[in-house]
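# Commentary on secondary and tertiary structure
Each chain, letter by letter, is given below.
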Amino acid sequence: MPVPKIAIVIPVFNEAAVLPELCARLDALFAAQPDCAWEAILVDDGSRDSSAALIRAQAARDPRYRLVELSRNFGFQSALSAGLARADGADAAVTMDADLQDPPEIIPELVAAWRGGAEIVRATRRSRRETGLRRAGFDLFHSLYGKLTDYPIEPNSGTFGLLGRAAIDAFNALPERHRFFPGLRAWIGFPTADVPYDRQERAAGQPQQSLRRLARYAMDGLFSFSYLPLRVLTYCGVSIAGLGFAAAVFYAVRRILGIETAPTGYTTLVTLLLFLGGVQLVGIGILGEYLGRIYDEVKHRPQYIVKKTGGDRR
Ligand code: UDP
Ligand code: MG
């Protein structure tokens, strides 16, 4: 049976402080698992420190390491896409952070789950290390995301995981630009397995993702997978117009019964205001429905993804 080829895709941004340890731990993994052909694809996302030089030196020493150098800092999602697009020959690709918060020692378990038949393996955190504002933000995002979209993501999983060949191809075929990896991984489907692990502290250096970046990333996640926010306008509009109608009936009945309390003109004003406001919101909501559909078309996601057609090398 041929040896499966596993690529490890790692976006790197200003990680010179952790790269030596990362390479050492990957080397240990490669040595301990000779039943796979390993390849580490390190994507340098426009680092301003010596990260690219370190990776280049490592690649010169060891042909299992590959450097993909981006022309500037494009952000984590783009770097990840660049790496996955270059995992051509691989039977599976592991996606992980460079900072060793995702321990490489878990990778054999991911591979085992893949060999057991899962096309997508998510490493799920038993515990989260974030606290304070970041933590509150994560919790808020996951509760909103779960309510708004039809493709639930596992709240305790991030990028760390494995994609089989069919899943890599499906991911690479997605042409959309605002990429939210966990959402897309859920969207492409396929049999999925979870492997629990303990998230580690950063081996060295500072988090490279600012809170602002994370917030933008969260918006990408929400707005790429839901147009419920557009639909909310229609619901509000219908409710407000309904309220206007009810007010009209209420005041008309009172007048007929001879109970006159409101000053002259008040009834007409309130009724018109509510009713017209509602009608306008419904109008915007209808535009929103078209916009949502146009958005869907523009994203150009494939209509379906084939799970399997031929043989398999796991
Ligand atoms: N990263 C990247 N480009 C960026 C920011 C981060 O490639 O613009 C990489 C970074 O080197 C690390 C991973 O993305 O390998 C996760 O970044 P970080 O540890 O800062 O994020 P957090 O752990 O806070 O989610
Ligand atoms: Mg990190």
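Higher on the page you've got the structure.
Residues numbered from 1 in each chain as written. Chains lettered and ligands numbered in written order. Predicted model: local features only at pLDDT ≥ 70, side-chain atom pairs only at ≥ 80, totals over all residues. Heavy atoms only, no water.

### What about the packing of helix H5 (residues 132-148) against helix H8 (residues 211-225)?
Under the convention used in this document: The axes used here are C-alpha line fits, helices contributing only the stretch in contact, and every angle between their N-to-C directions lies in the interval 0 to 180 degrees. Each helix is a run of DSSP H or I of at least 4 residues and each strand a run of E of at least 2, with the numbering of both proceeding from the N terminus. Any angle between 65 and 115 degrees counts as roughly perpendicular, while under 35 counts as roughly parallel, over 145 as roughly antiparallel, and the rest as oblique. In this analysis, two residues are considered to be in contact whenever any of their non-hydrogen atoms come within 4.5 Å of each other.
Viewed as axis vectors pointing N to C, H5 and H8 meet at an angle of 5°, and their least axial separation amounts to 10 Å. With respect to each other, H5 and H8 are oriented roughly parallel. Of the residues in H8, those touching H5 at Leu133, Arg134, Phe138, Phe141, Leu144, Tyr145 and Leu148 are Leu211, Leu214, Ala218, Gly221, Leu222 and Phe225.

### Focus on the site of ligand 1
Defined as follows: A single heavy atom is enough: if one lies within 4 Å of a molecule or strand, its residue is considered near that molecule or strand. Polar contacts, as counted here, are pairs of nitrogen or oxygen atoms within 3.5 Å of one another; within protein the pair requires one atom able to donate a hydrogen and one able to accept it, and residues that are adjacent in sequence qualify only if both atoms are side-chain atoms. Shrake-Rupley sampling with a 1.4 Å probe provides the accessible areas, and residues are treated as covered by the protein chains on show and by no other component. Only protein atoms enter the 1 Å grid used here. Points where a 1.4 Å probe fits but cannot escape make up a cavity, open sets with protein on both sides within 12 Å along at least five of seven lines make up a pocket, and a residue lines them when an atom lies within 4 Å of a point. More than half of a molecule's atoms lying within 2 Å of a cavity's or pocket's grid points is what places that molecule inside it.
Within the structure, ligand 1 sits among 19 residues, and Glu15, Asp45, Asp99, Gln101 and Gln208 are positioned closest to it. One nitrogen or oxygen atom from the main chain of Ala98 is found 2.8 Å from an oxygen atom belonging to ligand 1. Arg213 is positioned such that a nitrogen or oxygen atom in its side chain is 2.7 Å from an oxygen atom of ligand 1. The protein chains hide 95% of the 540 Å² of surface that ligand 1 would expose on its own. When atom positions are compared with the pocket grids, ligand 1 is found to occupy the largest pocket.

### Some points on the packing of aromatic side chains
Where we set the bar: When the centres of two rings from Phe, Tyr and Trp lie within 6.5 Å, Trp using its six-membered ring, the rings pair. Their planes under 30 degrees apart give stacked, over 60 give edge-to-face, and anything left gives tilted. The buried label applies to any residue whose accessible area, calculated with a 1.4 Å probe on protein chains only, is under 20% of its type's maximum; exposed applies above 50%, and partly exposed to all values in between. Criterion for a charge above a ring: Lys NZ or Arg CZ within 6 Å of the ring centre, and within 35 degrees of the ring normal.
As enumerated under the stated definition, the model contains twelve aromatic pairs in all. Between Phe30 and Trp38, the ring centres sit 5.6 Å apart and the planes meet at 20°, which makes this aromatic pair stacked. Assigned by exposure class, Phe30 and Trp38 land together as buried. Relative to Phe180, the ring of Phe141 has its centre 5.7 Å away and its plane inclined at 75°; by these criteria the two rings are edge-to-face. Placement of Phe141 in helix H5 and of Phe180 in the loop between helix H6 (165-172) and helix H7 (181-187) is noted, with a sequence separation of 39 residues between them. The same class applies to Phe141 and to Phe180, which are both buried. Lying across the ring of Phe171, Arg179 places its NZ or CZ 4.9 Å from the centre. Positioned above the aromatic ring of Tyr295, the side-chain terminus of Lys299 is 4.3 Å from the ring centre.

### Topic: the coordination of the magnesium ion (ligand 2)
Geometry sets the ideal angles at a metal, namely 109.5 degrees for four tetrahedral donors and 90 or 180 degrees for six octahedral donors. The line we're drawing: Because water is not among the atoms used, a metal site may look incomplete, as its donors are only the N, O and S atoms within 2.8 Å, or 3.2 Å for Na, K and Ca.
Taken together, the protein ligands of the magnesium ion (ligand 2) are Asp99 (OD) and Gln101 (OE1), with distances of 1.9 to 2.0 Å. Each of the two residues, Asp99 as well as Gln101, counts as buried.

### Quick look at empty space enclosed by the protein
Over the atoms, a rolled probe matching the size of one water molecule traces out where space is still vacant. Which entries qualify depends on this criterion: Grid points are joined across faces, edges and corners, and a volume is the space filled by probe spheres set on the points. Throughout this entry, Asp, Glu, Lys and Arg are counted as charged residues, while Ala, Val, Leu, Ile, Met, Phe, Trp, Tyr, Cys and Pro are counted as nonpolar. The remaining residues, Gly among them, count as polar.
Under the criterion given, the structure shown has one cavity of 30 Å³ or more. Looking at the largest cavity, the residues that line it are Tyr251, Arg254, Arg255, Ile259, Glu260, Thr261, Ala262 and Thr267. At three residues, helix H9 (residues 228-256) tops the list of elements feeding residues into the lining of the largest cavity. Looking at the lining of the largest cavity residue by residue, the classes come out as three nonpolar, two polar and three charged.

### Description of the sheet that holds strand E6 (residues 157-164)
Put simply, the test is: Should DSSP find at least two bridges between two strands, the strands are taken to pair.
Ordered by their spatial adjacency, seven strands build an open sheet running E3-E2-E1-E4-E6-E5-E7, and the pairing between neighbours is mixed. Since the sheet does not close on itself, it has two edges, and those belong to strand E3 (65-69) and strand E7 (192-197), each with one partner. With direction set aside, neighbouring strand axes in the sheet form an average angle of 20°. The pairing of strand E1 (residues 5-12) with strand E4 (residues 92-95) spans four bridges and is parallel. Residue pairing for E4: Val9 is matched across the bridge by Thr95. Packed on one face of the sheet, helix H4 (residues 107-115) meets E1, strand E2 (37-44), E4, strand E5 (120-125), E6 and E7 and runs near 50° to E6.

### Some details on the side chain of Thr149
Inspection of the secondary structure puts Thr149 in the loop between H5 and E6. Residue classification places Thr149 among the buried residues on the basis of a relative accessible area of 7%.

### A closer look at a nonpolar patch on the surface
Our working definition: Within this analysis, patches are made of residues with over 30% relative accessible area and no salt bridge. Like charges are joined at 9 Å or less; nonpolar side chains (Val, Leu, Ile, Met, Phe, Trp, Tyr) at 5 Å or less. Any Lys or Arg side-chain nitrogen found within 4 Å of a carboxyl oxygen on Asp or Glu counts as a salt bridge.
A grouping of Phe245, Val249, Val253, Leu257 and Ile259 is seen on the molecular surface, where their side chains present a nonpolar patch of about 480 Å² in accessible area. Within the fold, Val249 resides in helix H9.

### Notes on the pairing of E1
To be explicit about the condition: A crossover counts as right-handed when, viewed with the strands pointing away from the observer, the path leading from the first strand over the helix to the second turns clockwise.
Taking burial as the measure, the eight residues of E1 include seven buried ones, the bulk of the element. As judged from the eight bridges shared by E1 and E2, these two strands associate in the parallel manner. Following the sheet pairing, Ile10 is matched in E2 by Leu42. What joins E1 to E2 is helix H1 (residues 19-32), and the crossover it makes is right-handed.

### Concerning the layout of surface pockets
As a volume, the largest pocket reaches approximately 1,100 Å³. Residue lining of the largest pocket: 47 residues in total, with Arg134, Phe138, Gln209, Leu214 and Tyr217 positioned closest to the centre. Residue assignment for the lining of the largest pocket shows that the elements contributing at least two residues are E1, H5, E6 and H8. Counting residues per element, the lining of the largest pocket draws most heavily on H8, at eight residues. Across the lining of the largest pocket, the residue classes break down as 22 nonpolar, eleven polar and 14 charged.

Any functional reading would require information that these geometric values do not contain.
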